[in-house]
Amino acid sequence: MTTTCTAPGKIYLFGEHAVVYGEPAIACAVELRTRAQVKKTDAISISSDLGTTGLDFEVHPYVCAAIQKMGSPEVCIKITSEIPVGSGLGSSAAVTVATLAAINIECSQGYEKEKIAQMAHEIEKEVQGAASPTDTFVSTFGGVIEIPSRKRLDLLDCGIVIGNTGKGASPKKTAKLVKQVAVLKEEYPDSINPIIKTIGSFAKHGEIMVTQKNYQALGKLMNVNHGLLDALGVNTIELSALVYAARNAGAYGAKLTGAGGGGCMVALTDSQVEVAHAIEKAGGKAIITRFTREGVLQE
Ligand code: PMV
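Criteria and cut-off values
- Residues numbered from 1 in each chain as written.
- Predicted model: local features only at pLDDT ≥ 70, side-chain atom pairs only at ≥ 80, totals over all residues.
- Heavy atoms only, no water.
- Near = heavy atom within 4 Å.
- Polar contact = N/O pair within 3.5 Å; in protein donor to acceptor, adjacent residues only side chain to side chain.
- Areas by Shrake-Rupley, 256 points an atom, 1.4 Å probe, with all protein chains shown as cover.
- Helix = DSSP H or I, 4+ residues; strand = E, 2+ residues; numbered from the N terminus.
- Nonpolar A, V, L, I, M, F, W, Y, C, P; charged D, E, K, R; others polar.
- Domains from an automatic or database assignment.
- Pairing = 2+ DSSP bridges.
- Contact = heavy atoms within 4.5 Å.
- Buried area = accessible area lost by both parts, 1.4 Å probe.
- Salt bridge = Lys/Arg side-chain N within 4 Å of Asp/Glu carboxyl O.

**Considering the site of the ligand**
What surrounds the ligand is a group of 13 residues, the closest being K10, H17, G88, T174 and A259. The side chain of K10 places a nitrogen or oxygen atom 2.6 Å from an oxygen atom of the ligand. A distance of 3.2 Å is found between an oxygen atom of the ligand and a backbone nitrogen or oxygen belonging to G88. Alone, the ligand offers 380 Å² of accessible surface; in the complex the protein occludes 87% of this. Going through the elements one at a time, strand 1 (2–14) and helix 5 (173–187) are the ones with two or more residues in the shell around the ligand. Here the residues of the shell around the ligand are counted per class, giving five nonpolar, five polar and three charged. In this structure, the shell around the ligand is formed jointly by two domains, domain 1 (2–153) and domain 2 (159–289), each of which donates at least three residues.

**Quick notes on the pairing of strand 3 (residues 45–48)**
Strand direction decides the pairing type here: strand 3 and strand 5 (residues 75–81), joined by three bridges, are parallel. Following the sheet pairing, S45 is matched in strand 5 by C76. Bridging between strand 3 and strand 4 (residues 51–53) involves three bridges; their strand directions are antiparallel. Note on strand 4: the bridge partner recorded for I46 is T53. Between strand 3 and strand 4, which pair antiparallel one after the other, the connecting turn spans two residues.

**Let's talk about the domain arrangement of the protein**
With domains assigned, the protein is organised as domain 1 (2–153) and domain 2 (159–289). Relative to domain 2, the C-alpha centre of domain 1 lies at a distance of 23 Å. Taken together, the 26 residues of domain 1 in the interface contact 39 residues of domain 2. Between domain 1 and domain 2, a total of about 2,600 Å² is buried, with carbon and sulfur atoms accounting for 68% of that surface. For the domain 1 face of the interface with domain 2, the top three residues by lost area are F14, H17 and Y21, together amounting to 27%. The tally of links between domain 1 and domain 2 comes to three salt bridges. Two residues, K197 and E23, come together in a salt bridge whose shortest N-O distance is 2.8 Å. Listed by contribution, the elements that provide at least two residues to the side of domain 1 that touches domain 2 are strand 1, strand 2 (25–40) and strand 7 (151–153). By residue number, the principal contributor to the side of domain 1 that touches domain 2 is strand 2, which donates five residues. Residue classes in the side of domain 1 that touches domain 2 are distributed as 16 nonpolar, five polar and five charged.

Put into structure tokens, the structure is as follows:
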């Protein structure tokens, strides 16, 4: 038997960075997936775009940690992914969740989804030193999720275009940028705290707008959110070039997503082809996708 599971990536509609200080955020699973194919064999082997290895934590840290977490069964694992790596779209959470879920089924371990999400979060913490549970939770359960309450909001049926700057991709980037915001906040608490509070207010307004499917209003607030992320110092000229290109091509709104400092932006739009062209013309790699209610799935 072979078991194949897929798990989605995520974007932030609102609230990255402010969520670190307890403000609400809205994170959404998107239909870009990492696929883990697992087969019981007589020796551990892992293959991906990074090569074929045994239990090599240098090359495949998340997959190796997942194998170990499941009791080191002898399995052959093949990873393929549509999610750009280290660009704020939750690629490491998706590979971890998909691998755990596929081993769980192939080796009849019987864990529930809650346990898969929890183990995936532990693995992200082990590998990265620190990690919020958002990526692993959203990748496991899918949907549009308010953080930290984990309340499920209605699914949005509007299109999404992700623009990848192709710059600054690194798993260590998030920790560096979170630290950078913390320093700014310590230096100027009276100036920076209100910015963080205001970012938190977008998620509160956003919850109502999501229910109303008010894409114009959501887009308008995404634009303001991008401006305040810029104020916090996590924007880049490349991200803004893609954000403005998307807005000028008719997107409801566009902002950077995730930690910033490069990586990806996200545009909310019903003119996906036009927005994708504009992003490519501005130097980015455009990915047309949509929101998904499906988290980890067996194929
Ligand atoms: O770039 P990502 O997808 O790891 O998102 C980081 C989001 C932050 O709010 C900046 C940090 C966090 O752990 O919530």
